[in-house]
Amino acid sequence: MGSDSIAIEEKCPLILYIPNVFSPNGDNINDFFKVSVEQVRRFRMEIFSRWGERMYYTEDSQEGWNGNTASGQSALPGVYVYHIFAEGYNGKGELVSEQLSGDLTLLR
């Protein structure tokens, strides 16, 4: 008798959903700016004030920004800029990188 084995690698397509507003006011509804991702291999997110000050940085796709500055103070309501890098597969199973930038609104 013989035996054989087969390796199966899952290459489901990368999916990103990026909200455009959040309200970190402690009511447990939209208190974090968090990107919903599926099938991500690598992830990085930075958030900047309109003056270019980096407010938040993470490489963990499960984390989100709580609306505080890097020093822990509550950020002012307004518009902020995000830069997101995500790596995953496309529908053909090819490795792809997404680099996305946009703005988000913080409401209090």
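Residues numbered from 1 in each chain as written. Predicted model: local features only at pLDDT ≥ 70, side-chain atom pairs only at ≥ 80, totals over all residues. Heavy atoms only, no water.

## A short note on the overall build of the chain
And then number 1: On a plain count of helices and strands, the chain comes out with 0 helices and 7 strands.
And then number 2: Of the regular secondary structure in the chain, the N- to C-terminal order runs β-β-β-β-β-β-β.
And then number 3: Its C-alpha radius of gyration of 18 Å places the chain more than 25% over the 13 Å reference for a compact globule of 108 residues.
And then number 4: For the chain, the spread of C-alpha atoms along the principal axes amounts to about 70 × 25 × 20 Å.
And then number 5: When burial is assessed residue by residue, the chain has 32% of its 108 residues classed as buried.
And then number 6: Entry remark: accessible area of the chain is about 7,300 Å², with carbon and sulfur atoms responsible for 47%.
And then number 7: Here the chain holds 9 positive side-chain charges and 15 negative ones, and the gap between their average locations is 5 Å. (Helix = DSSP H or I, 4+ residues; strand = E, 2+ residues; numbered from the N terminus. Rg over C-alpha atoms; globule rule 2.2 N^0.38 Å. Buried < 20%, exposed > 50% of the residue type's maximum accessible area, 1.4 Å probe, protein only. Areas by Shrake-Rupley, 256 points an atom, 1.4 Å probe, with all protein chains shown as cover. Lys, Arg positive; Asp, Glu negative; His and termini not counted. Charge placed at Lys NZ, Arg CZ, Asp CG, Glu CD.)

## Things to note about the sheet that holds strand β6 (residues 78-89)
And then number 1: Taken in spatial order, the 5 strands of this open sheet run β2-β7-β6-β4-β5, and their pairing is mixed. In this open sheet, the two edge strands, each paired with only one partner strand, are β2 (21-22) and β5 (54-58).
And then number 2: The sheet contact formed by strand β4 (residues 40-48) and β5 spans 4 bridges and is antiparallel. Paired with Phe48 across the two strands is Arg54, which belongs to β5. (Pairing = 2+ DSSP bridges.)

## Some details on the side chain of Glu87
And then number 1: Looking at the secondary structure, you find Glu87 in strand β6.
And then number 2: What makes Glu87 buried here is its relative accessible area of 11%.
And then number 3: What Glu87 contacts, discounting residues up to four positions off in sequence, is Leu14, Gln39, Val40, Arg41, Arg42, Leu95, Val96 and Ser97. (Contact = heavy atoms within 4.5 Å.)

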